[in-house]
Structures are given as C-alpha cells and as structure tokens.
Number of protein chains: 4
Amino acid sequence: MHSFDTTAKGVYLITVTPFTDTGALDLASTDRMVDFSIERGVTGLTILGIMGEATKLTAEEARIFTERVVQRVAGRVPVVVGVSAPGFAAMGELAAAVMALGASGVMVAPASSVRTDDQIVGYFDMVNETLGSVPWCLQDHPVATGVQMSPTVILRILKSSPGCVMLKHEDWPGLAKLSTIRAAGAEKAARRVSILTGNGGGLFLPEELSRGADGAMTGFAWPEMMVDVVAAHARGDIERAHDLFDAYLPLARYEQQAGVGLAVRKHLLHQRGAIASPFVRNPGPRLSPQDVADIDRLVRRQDKRLRELG
Amino acid sequence: MHSFDTTAKGVYLITVTPFTDTGALDLASTDRMVDFSIERGVTGLTILGIMGEATKLTAEEARIFTERVVQRVAGRVPVVVGVSAPGFAAMGELAAAVMALGASGVMVAPASSVRTDDQIVGYFDMVNETLGSVPWCLQDHPVATGVQMSPTVILRILKSSPGCVMLKHEDWPGLAKLSTIRAAGAEKAARRVSILTGNGGGLFLPEELSRGADGAMTGFAWPEMMVDVVAAHARGDIERAHDLFDAYLPLARYEQQAGVGLAVRKHLLHQRGAIASPFVRNPGPRLSPQDVADIDRLVRRQDKRLRELG
Amino acid sequence: MHSFDTTAKGVYLITVTPFTDTGALDLASTDRMVDFSIERGVTGLTILGIMGEATKLTAEEARIFTERVVQRVAGRVPVVVGVSAPGFAAMGELAAAVMALGASGVMVAPASSVRTDDQIVGYFDMVNETLGSVPWCLQDHPVATGVQMSPTVILRILKSSPGCVMLKHEDWPGLAKLSTIRAAGAEKAARRVSILTGNGGGLFLPEELSRGADGAMTGFAWPEMMVDVVAAHARGDIERAHDLFDAYLPLARYEQQAGVGLAVRKHLLHQRGAIASPFVRNPGPRLSPQDVADIDRLVRRQDKRLRELG
Amino acid sequence: MHSFDTTAKGVYLITVTPFTDTGALDLASTDRMVDFSIERGVTGLTILGIMGEATKLTAEEARIFTERVVQRVAGRVPVVVGVSAPGFAAMGELAAAVMALGASGVMVAPASSVRTDDQIVGYFDMVNETLGSVPWCLQDHPVATGVQMSPTVILRILKSSPGCVMLKHEDWPGLAKLSTIRAAGAEKAARRVSILTGNGGGLFLPEELSRGADGAMTGFAWPEMMVDVVAAHARGDIERAHDLFDAYLPLARYEQQAGVGLAVRKHLLHQRGAIASPFVRNPGPRLSPQDVADIDRLVRRQDKRLRELG
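Here is a short report on the structure shown in this document. Owing to the predicted nature of the structure, the values given are computational and were not obtained by experimental measurement.

So, the overall build of chain A
And then number 1: Counting its secondary structure elements, chain A contains 12 helices and eight strands.
And then number 2: Computed over the C-alpha atoms, the radius of gyration of chain A is 19 Å, within 12% of the 19 Å expected from 2.2 N^0.38 for a compact globule of 310 residues.
And then number 3: With the principal axes as the frame, chain A shows a C-alpha extent of 50 × 45 × 35 Å.
And then number 4: The buried share among the 310 residues of chain A stands at 61%.
And then number 5: When contacts within chain A are restricted to residue pairs at least 6 apart in sequence, long-range pairs at least 24 apart make up 74% of them.

Description of the interface of chain D and chain C
And then number 1: Each partner contributes to the interface: chain D provides 15 residues, whereas chain C provides 15 residues.
And then number 2: In total, about 1100 Å² of surface goes out of reach between chain D and chain C, with carbon and sulfur atoms giving 68% of it.
And then number 3: Summed over the shared surface of chain D and chain C, the number is zero salt bridges.
And then number 4: Across the chain D-chain C interface, the total number found is two residue pairs in polar contact (both at pLDDT 80 or more).

Section: the relation of the copies chain D and chain C
And then number 1: The two copies are related by a screw motion: chain D maps onto chain C through a turn of 180° and a shift of 0.0 Å along the axis, at an RMSD of 0.0 Å. On this basis, the relationship between the two copies can be described by a two-fold rotation axis. No C-alpha of chain D approaches the rotation axis more nearly than that of Pro86 of chain D, which lies at 4.3 Å.
And then number 2: A share of 100% of the interface residues of chain D reappears at the interface of chain C, consistent with the copies meeting face to face through the same patch.

Examining the sheet that holds strand β2 (residues 44–47) of chain D
All names here are of chain D.
And then number 1: One closed barrel holds the eight strands; their spatial order is β1-β2-β3-β4-β5-β6-β7-β8, and the pairing between them is parallel. For this sheet the average axis-to-axis angle between neighbouring strands, irrespective of direction, equals 25°.
And then number 2: By the bridge criterion, four bridges tie strand β1 (residues 10–14) to strand β8 (residues 215–218) in an arrangement that is parallel. Residue Tyr12 lies in a different strand from β8, and its bridge partner there is Met217.
And then number 3: Across the sheet, helix α6 (residues 151–160) touches β5 (136–140) and β6 (164–169), and the angle it forms with β5 is around 165°.

What to know about the sheet that holds strand β1 (residues 10–14) of chain A
Backbone hydrogen bonds hold the strands of a sheet together, and the pairing may be parallel or antiparallel.
Residue and element names in this part refer to chain A.
And then number 1: Spatial ordering of the closed barrel is given by β1-β2-β3-β4-β5-β6-β7-β8, a layout of eight strands whose pairing is parallel. With strand direction ignored, the average angle separating the axes of adjacent strands in the sheet is 25°.
And then number 2: Where strand β3 (residues 79–82) lies against strand β4 (residues 105–108), three bridges are found, and the strand directions are parallel. Opposite Gly82, over in β4, you have Met107 as the bridge partner.
And then number 3: Running over the sheet, helix α4 (residues 117–131) touches β4 and β5 (136–140) and is turned about 155° from β5.

Some words on the interface of chain C and chain A
And then number 1: Taken together, the contact pairs 31 residues of chain C with 31 residues of chain A.
And then number 2: Of all residues in chain C, Arg211, Arg253 and Arg301 of chain C bury the most surface against chain A, accounting for 22% of the area lost on that side.
And then number 3: If you look at where chain C meets chain A, you find 16 salt bridges.
And then number 4: Put simply, Asp294 of chain C and Arg211 of chain A hold a salt bridge, and the shortest N to O gap is 2.8 Å.
And then number 5: Put simply, chain C and chain A have 20 residue pairs in polar contact (both at pLDDT 80 or more) between them.
And then number 6: When residues of the side of chain C that touches chain A are traced back to their parent elements, those giving at least two are α7 (175–186), α10 (238–255) and α12 (289–309) of chain C.
And then number 7: When residues in the side of chain C that touches chain A are grouped by element, the largest group, 10 residues, is from α10 of chain C.
And then number 8: Partitioning the side of chain C that touches chain A into residue classes produces 12 nonpolar, six polar and 13 charged.

Considerations on the pattern of salt bridges
And then number 1: Taken as a whole and assessed by the stated rule, the structure comprises 115 salt bridges over all chains.
And then number 2: Across the pair Arg156 of chain D and Asp118 of chain D runs a salt bridge, and its minimum N-O distance is 3.1 Å. Pair noted here: Arg156 of chain D is in helix α6 and Asp118 of chain D is in helix α4 (residues 117–131), with a separation of 38 residues, a long-range link.
And then number 3: Beyond isolated ion pairs, a larger network of salt bridges with shared partners links Glu239, Asp243 and Asp246 of chain A together with Arg297, Arg300 and Arg301 of chain C.

Concerning the pairing of strand β1 (residues 10–14) of chain B
Residue and element names in this part refer to chain B.
And then number 1: Of all the five residues making up β1, five are buried; the element is thus mostly covered by neighbouring parts of the structure.
And then number 2: As defined by bridge partners, β1 adjoins strand β2 (residues 44–47) across three bridges and the pair is classed as parallel. Among the inter-strand pairings, Leu13 is bridged to a residue of β2, identified as Leu45.
And then number 3: In this view, the connection linking β1 to its parallel neighbour β2 by way of helix α1 (residues 27–39) has right-handed handedness.

Regarding the state of the cysteines
And then number 1: With the rule as written, the count across this model stands at zero disulfides over all chains.
And then number 2: Here Cys164 of chain C stays unpaired: no disulfide links it, and the sulfur of Cys137 of chain C, its closest cysteine neighbor, is 6.9 Å away.

What about helix α6 (residues 151–160) of chain B?
And then number 1: For α6 of chain B, the set of buried residues is Val153, Ile154, Leu155, Ile157 and Leu158 of chain B.
And then number 2: Elements in contact with the buried residues of α6 of chain B: α4 (117–131), β5 (136–140), β6 (164–169) and α7 (175–186) of chain B.

A short note on the packing of aromatic side chains
And then number 1: With the rule as written, the count across this model stands at 28 aromatic pairs over all chains.
And then number 2: Aromatic side chains Phe88 of chain A and Tyr123 of chain A sit 5.0 Å apart centroid to centroid with 45° between the ring planes, which places their arrangement in the tilted category. Taken as a pair, Phe88 of chain A in helix α3 (residues 88–100) and Tyr123 of chain A in helix α4 lie far apart in primary sequence, 35 residues in all.
And then number 3: A ring pair is formed by Phe124 of chain C and Trp136 of chain C, whose centres lie 5.7 Å apart and whose planes are at 5°; its orientation type is stacked. Taken together, the positions of Phe124 of chain C in helix α4 (residues 117–131) and Trp136 of chain C in strand β5 (residues 136–140) put the pair 12 residues apart, joining distant regions of the chain.
And then number 4: Of the aromatic side chains, those joined through ring pairs into one cluster are Phe88, Tyr123, Phe124 and Trp136 of chain A.
And then number 5: If you follow Arg286 of chain B out to its NZ or CZ, it ends over the ring of Phe279 of chain B, 5.9 Å from the centre.
And then number 6: Stacked on the ring of Phe204 of chain A, the Lys or Arg Arg253 of chain C has its end atom at 4.9 Å from the ring centre.

Procedures and definitions
Residues numbered from 1 in each chain as written. Chains lettered and ligands numbered in written order. Predicted model: local features only at pLDDT ≥ 70, side-chain atom pairs only at ≥ 80, totals over all residues. Heavy atoms only, no water. Helix = DSSP H or I, 4+ residues; strand = E, 2+ residues; numbered from the N terminus. Rg over C-alpha atoms; globule rule 2.2 N^0.38 Å. Buried < 20%, exposed > 50% of the residue type's maximum accessible area, 1.4 Å probe, protein only. Contact = heavy atoms within 4.5 Å. Buried area = accessible area lost by both parts, 1.4 Å probe. Salt bridge = Lys/Arg side-chain N within 4 Å of Asp/Glu carboxyl O. Polar contact = N/O pair within 3.5 Å; in protein donor to acceptor, adjacent residues only side chain to side chain. Least-squares fit on C-alpha atoms with pLDDT ≥ 70 in both. Pairing = 2+ DSSP bridges. Axes fitted to C-alpha atoms, helices over the stretch in contact; angles between N-to-C directions. Nonpolar A, V, L, I, M, F, W, Y, C, P; charged D, E, K, R; others polar. Right-handed = clockwise from strand over helix to strand, strands pointing away. Disulfide = S-S within 2.5 Å. Phe/Tyr/Trp six-rings, centres within 6.5 Å; stacked < 30°, edge-to-face > 60°. Lys NZ or Arg CZ within 6 Å of the ring centre and 35° of its normal.

As structure tokens, then:
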C-alpha cells in the first residue's frame, strides 16, 4: 500500500460527509463513497476538512464517521484527518483519537491569528510538540486562513518539524512558490516532502504537475479527472493531461465556487450514485433551480466533450 | 439569589483558569479563586472565555473545571460559560454539557466569517435554534471577532432571539451604541435586556454606567474596583465612582494590554493570594523583569492613591 | 453611440496602462491599444483600475493618459475612469478632472474600512454627494475591498444614489446575488441599472448572462472572447456561447491569477501587437521562463481549439 | 534647533487640521495652533496624519496647509509630513512637494496589503528608493494598517534603509518590542534611531520612556502633558512623571477613543483657544450632549487633580 509519508503521490481526495435527507450521519453512504473514490483510483482520502462539514459534526459524530471510513477503507489507501483547532489541547486530543481509530496522519492549517514569519514558525513548533510522532500535512491555504507563508517560512517549518511529511499547497496563485520549494528540495537546502495541490480546487493541476507537484489533494465530484490527469502527466503525455483537464474545467470551475460549491458537489455525487442524499447541514448553501439548470448543462457538455476526446 | 436574566446587574467577573506551576488544572486554586471573587462582591462569574484560556483546555478539563466552579459557587451567584465554537454542533454539545453541570447560561460571539447585517442576524437565528431554552449572553466584541454589529442589528437579534437575556458590550468605543440600544429599550422599540460592559476591559466603566449599562462583565485582578464603582454610581455618587475608577486606571490599563495582559493578571492574582501559581499555558505570554518592575511600581502607586482617597 | 447609462450593455474592457521598456508612459501604444480594443468590438473602456496600475502613476501621468485615451477614442465608445480614493476630497477632484477631459463617467468601490450595512449605505451617500451629476458605476468586489454588500444593501444604494447607473458585479461567487438584484428590478422594487460582470475576470460569464447580466466589465488579452460570448448569448445561441467560452477558459483562468496575472496579460497583449512593451512598473510581477512556457502552451492549445470550433 | 534625525527626542505633536465652521481650511487657526503647540514645548510637529484628516483635503489644500505650517513654524522645530499613499508614484510626488515647501522629513506606514516578512522589507526597499535622500520616519501601527512587523523585520528595514531616522512605535502593546529594538541598538546589532511612541495615543508613555523611548509622537489636546512627563523622566523624577501622567490619563483615555476621538480633540483644542472651530469634515464623528457632559466632567476633574499635584 501507498504510505502517507514524504513519498506520497497521486490523488488524496477531500471527501464530503454524507447525511440522510433528514440530516443524520449516513454510514451506508459513507461506505459507498469510500468505495466510489477508491474505485476511481485515488491514492488517499482526507476527511473532516472544511468541505467535509467538520465543524457541523458533534465530537461523537466525528468519531463514528472516522471509524467507519477507516474500517471501510481497510488499508487500501491512507486516511488523513483534518485536526486544525482553536487550541493545541483540542488538536492533540483529536489527533490522538483519530490515530487510535486507525488514521494514517493528520492535516493542520495555521491559526488565523498568526501573522509574522516568527509567529508562524512558532505556531508550527507548537504543532510539532503537540503531535509528537504523528505524521502530518501542512495546509497552506491563505484564502481560508488569512495567513501568508512565504517559501522561506515553509522551508523553516520543514526544517524544524520532522513530523511534517506533506505540503498541501493551495496558496493562490502559487506556481512560483511551488517552484521555489521544489528547487530548495533539489538543492538539498531542505528536506523533500510530498507536495499535493489544492489550488482553487485543482484549477491549476497540469501546470502544478509541471512544477514538480506530486499530485492533488482536493475534492471534485469526478475524482477520476485528477487521477487521469496525474497519470497522463506521469507518463509524459502532457497534451493528453491538458485535454482531459480542459474537458472537466468548466464544471470544476462551477463546483469550486465559494459558498454554493459544496451543494454543487453533493448534488453531483448524489447524481453519480456515490451518496444517497445531497443534504448539506445548516448553515449551508442550497441550490436554486437556476443553479441546477447550470449544472445540468455543464454535465451534458462535459459528457459530450469527453466522448469527443475518447 | 441574583438571576442570569434580563434584570441582571452588578459585576460578572471573567475568571482565569488556574494551573499549577507544572501546568496541570489546579482545582484547589479554583475554589480559592471562586471564594476570592464572591467575597469581593461580584454578582456573577463568567468562565471559559478567551482570558480563561478555554482553547488550551481539553474537553475533559473544561468539563472538570466547570463542574468544580459550579460546585464551589453553590448557587451563590450565576455561572455563565463561553460556548463560542466553529460550528453549531459543537456549540450545542458544549451548551448542553455545561447546563447539565449546573451553569446558569452561556455566552456566544459571532463567527468571524459573518459580515453583512443579514448574515449576522442569520447566524444568531441559528444560535437561537441551537440553544433552545438555554439563556444566553450576546458578546459584541469586534476587536476579537472582526464582526461589526450596528445597533440596528443588535435590536434585530434581540427581537428574533428570545433566549438572549444579556448584551456583553465591548465594541470599542461604544458609548453612542450603548445610548442607542438603551433608548430603543426605553421607547419599547426593543426588549430591555441586561447590558454589562467589557469595553477595553472596563476602561470606560463610569461613562458606560451613565449611559445606562447595568454593570460590567470583564476581568481585573481587583474585582472590587468594578464592584465599588458600580455601587457608588448606583447610589448617585458619581464623583466617588470616578475617584475610585481613576485610582485603579493606571494598573487596569496595564493589565488590559493585548497579549501580555493575561500574564499580568495571573501574576497579580497570585500576589493577592487568589491562585497558587501565575502559570499561563502555551502559547502564552511571559513577563520580563521589566514588566514586573512596571507592575510593582503601579501596585505601589495604586495602594498609595487608594489610601489617600480613603 | 452607446451611452454610459442604465441601458449600457456589451463589453467594457478594463484596459492596461502601456509603458515603454524603460517604464515611461507609452502614448503611441495607448493609441494602438485603444484601436485594438475597439476593433474587437468592445462597447466601452474602463481605465485606471487596479489592472491599469493606477496607483503607480503620478497625478500628471494619470491626467495625460486619460486625455490621450479620450482623444483617441474620439467618441466611438464611452470611457469610464476609476476614482476610488482614500478620501472624498481626492475622489471629487479626480472625478471633476477626468470629466473635464471628456470621460463619460467614473467607477467607485467602497473604502475597505466600512463594514455594516448602514456604514456602506452611508459611504455611498457621501459618494453621491461628492460626485453630483457625474454618472458612476458601483464596483462590488469583496475580494479586493473586504467589503461584503448584500443584495439588500445594493438595492438601498440604487435607491438613494440616482447617479449610479451601473453595477460592476464581481462578488465571487455571485450568481444568486445577480438573480436577486435582477428580480428586484423586474418587480419594480428597484431601479433597473446596467449590470456588467467581472466575476473572477469573467470566469462565469455565460452563467451570468443567463441570470440577466448585460455583459462584462473586465480585462482579458482576447476581448473578442467576451464580445463573441455576449453576442452569441444575445442571439439565443447559448451552446455556441459556452463553446467559445470553454475554448478560452484555460488561458483566461491562467491570466486571472492574482499577482502574476497582470504580467501575463501584458505579455499576451504585447505578443498580439496591442502594446509595444510588456513592461509592468514596480512593485509588480515578473514572468519566469516556466510561466512563459505555460503561456505558450496555452496559447497554442487555444488556437487549435478555436480552429476546431470554426 | 533640534533636528529631525536619529538623535530626535521630546514630543513631536500630531496636529489637527483646523477648519472654519463652514468647513474651509482655516489658516489663521493654523498659525494659532502652531504657536499654541510650540509654546507648550513640543520639539516637532507632524502634520497630515490620520488625525490631521489628510484624506479629506484636496491636493491643493494639503499644499497650502503644509506651506502655512512651515512658514509659521519658521524653523523653530522640524515639521514632518505623512506621505503614506496607495502607490510609490504618489508617495514620491508628495514627498518631493512637501520637501520643496520646507518640511524636514516624511512619515510612511506600510501598505495594508503586505504580510510576510519579505514583503514588508521589500516594501520599504521601494520606499527607500522612492524617497532618495529624504529622511523619513517608519510608522509601525498595526491597528491601522493590519501589518505586523516583528522586531526582526524592523531591524532589517533599519539596515537596508539609511534614510530611516525614526521609528514611530505604536504597536499595541509593544513594550517588549521596544526593549528588543533598543537592545539591538545598544549591542551595535543595528543602527540606533530615534524612537518616539504613539502607543494608544501615548497611553503607555511612562513605561515606554523607561524602556528607552526618546519621547512621544502623538496627539492630545494637552501637549504639555507629554512634554512634562518626558522632562520629569529625563531628569530622573520617575514618580513625578507618573503623577502627571496619571492626572491626565482619564481624559487622554477618553480622547483616544477610535472614531469619536478626533471630535473630542478638536472640541478641547477649541475650548483651549488653539483653533477657532471644532469642525470635523465628513465623514467624521459628531459629539452628542452626553459626550460633551462626559468631557466637561473629565476636564473639571483633571484641573482639580493638577491643582492638587501642584
């Protein structure tokens, strides 16, 4: 099995959390979604992120969901769990709990209160101390956190935090940043860690692969898009990677809308049979008839374009 | 006993959470701090706020601490617990847990992601639905949350949220806001709720009382300052209220410094015998020798000035 | 000629400001760029926006550039000038100056300090008073300003500001907002103004047109994309609108990257012969060889796809 | 005469800009205010800051006001002018203009868009290039700018920017920062520049002087408070410095309220005869009768306390 370590590559899918039409945790759909994702070729699953509605779950629900995912995955791919928390005590508790349930590692974004380079590095020194031997992924997502980490800062964190095995790169736009960090790794100025990208929900995936990314960590109702783009790129067929990417881009763009995007994704996963209900817990977006009409058109056009490409 | 309801007045003290010198929860000091506060005349206690290092406690520690405070208070004053959380599920869980332990109510600040008037009102509609019959205090603290609530919005929340019994007013500066909300209550344009102020840590207390505030909800190592100022004001001795306030102001100002302020407060509470150790958990400020020299001078001067006032 | 008023439609192009290779204002290229744009069918020009490097010009340069654009346009299309300023005195001065030079109107975004609904409406009451009879476009661009304007607030501004003739809609994502404002206009609950979209640089143009947008106000090195998409949509050929849009989307996406995007746009305009130099003034992005390789590939692929579409 | 250079000390007063009751620039009051300030012992004047309503002046008014201040000062003290601007072109223009009018130097705060250490240092490299040989003051004011500069970053700026002669320290709270920067100067790890403080409007002045500040740069309707506190401190009479400070603190605190503070200051300067009208231009705060009652009480109490102190 592929491991959650510095050699990780491919596609770590950010999963949704399935609910029934009345809003209860849907464990049968959890199983179905796990299988759906793995069958499409993902190399890892990341659960309880923002798009997994983590903050809308009770602690008990989060535990049950994590346990179910890990059981269903049954070692086929690593499972990474988001543990960003307002304090280190809660972060440590959550990390210990999910590791005990069989998770492969955790993911951490900086608290939005840190600003200067030293504050950011200091924050991750505390993360490192909190997580101990648990391997973790550093989430660089300024749009969500308000924290801007320069390449210099990321390299400092990699140096002081041996437990950090992966960078989830979603600074937007971040192509130059990605190149800088990769170059530092190549020149032995820093440890080489896995870099998976989530830039605008994968909207720069082909270019990021060319800059040295090892794959993607993001969500999309067609995980096979990312899997196939990464595969084409890996075998050197760059044009095919772009052809595939471009075919999915209009819908991916629509699904990545802030706010309503999660409702779009669950609507599509429901249509594709991966989950039994598109239910999103409050507070959450609802699709209007116009949204659904947009989506129907984009799906139809995507199908057509994929058939043309063969 | 004074109740946590729309008639609440006096001083609800924002308490610290006492630790031992090695960072463990200190339950003996918890008892001592409760008694220290009530003996100085506070009419309520508010625990697990920002200055209570809430985010540095595990869920289990928060439960134990809340239980101990409630037991020691033994009904002498209401106990209010901060339950602001990244999601409504966690907020509901926490509120149910603390009410089961004997708390009198909870306190909620808006999530920092809400911005427009409608978003803010919608957020508190969800709070209202989440908390059900639990009485709660609306915390208006833009410096911490980034959310600016106009008087119009606060009046809308009071209208749609019958469970809201108190406003913790700490918009800075907010004298005009306080006047506007009080005027609306007087003109029957809105329910009259209790308004306790925390403006810069009580740094505008005499002026706020003149505008119709019912008292203070904030922290200070000398809770008797607020108790005495409120009492003098209530009996119409405005000049005495100012005299007392002015005597404490230089030290209060020093203790209200962002960042290092919590270390100052615990240092002083330790000196006054209210807690056994000034320990602050990581990440937290540490006092330098220069800070301690500043504090020593300010305490000495404060003692002298209070003796002069008689 | 098409007028800058509530009936405006089509494409108002956000122009760059051309410099020579040594950074001087390039008036010959200014002429060339004006002609290039109008020949491709734009119905208006918007100058001195963020992408026009307005803040990097001296007051004298801004005057000379505006005068030159207006002269070269010679009444063929309206010219709108960005006049957002830290204060109303400067805004009024600038607006008076550009109108005296022959501009058709101005564009204003809210100061980033306003937050509540009442503050936003109050801000635009001041704008209205400052601009007097000058027609203006309201720029709704939360990513740049940090100010979130709900549909309710926008409708209040339209009511109190008769001089506002156009909404530049670039709240992202804003499809539901667009629908709400259009519905209010249809139901006579508000004046109907022109709505041009700039959402992520036009990345939702076909969907926005379906929601009632009158066209686009944004920048792209291929203004004919927006012109042709708007035209296809206007004649009811929605699929053709999408086909064209999708063909340009991969490059448009790349050009809309925050930060480096302006360098991409000037590079492409230079390649297309619209300006003599791709020079961007400091502080500004520079393209790396990898960026140029990305762009070359995307242009080649775009050309191929457009040929396929015919 | 005292020079605006790295040896500057004492009190640089942030002045208001006087208007007539109908809002016109009041040049007679400008003269009166200059004399009022210098007679009370200030060692410098800083004009066209936020509290000088700089953004509400036209460019022509700013020029006339600067010229008048410089003429009236007639070399008695240095005049520093705020030149923070959205772009370097405007900053350079403004700096050249005010130096030509006889200013001694300028003051610059970072643009609110810079975040990381490297971005901040890069920004001031551009400032340095823009200002050339003009001496300037670095304004560190995170509450206003959102930019947090660590001591490390400030020391980097001092190293790369020889034109920077002064730090206006108003990070709040910043006692530890002040100590760190002073220690670096003492250890020859950095150039020693003048440090004047504006922390919360001088609300930590005695403590800052103990940490090595050279004086204050802020505004207050009683500039003699800062002058006398600095003088008492300089001659080693620390207790007297505190006594004076404490006597003024209740009113200083009231005048430092965000928003309404400027109206309070102009009201008091008008009462003291320094300016002919308390007029504040739009958008600006207005005093309510309750505000005026608060102020009257605080002035009366301050007079009494000063008499007691002798």
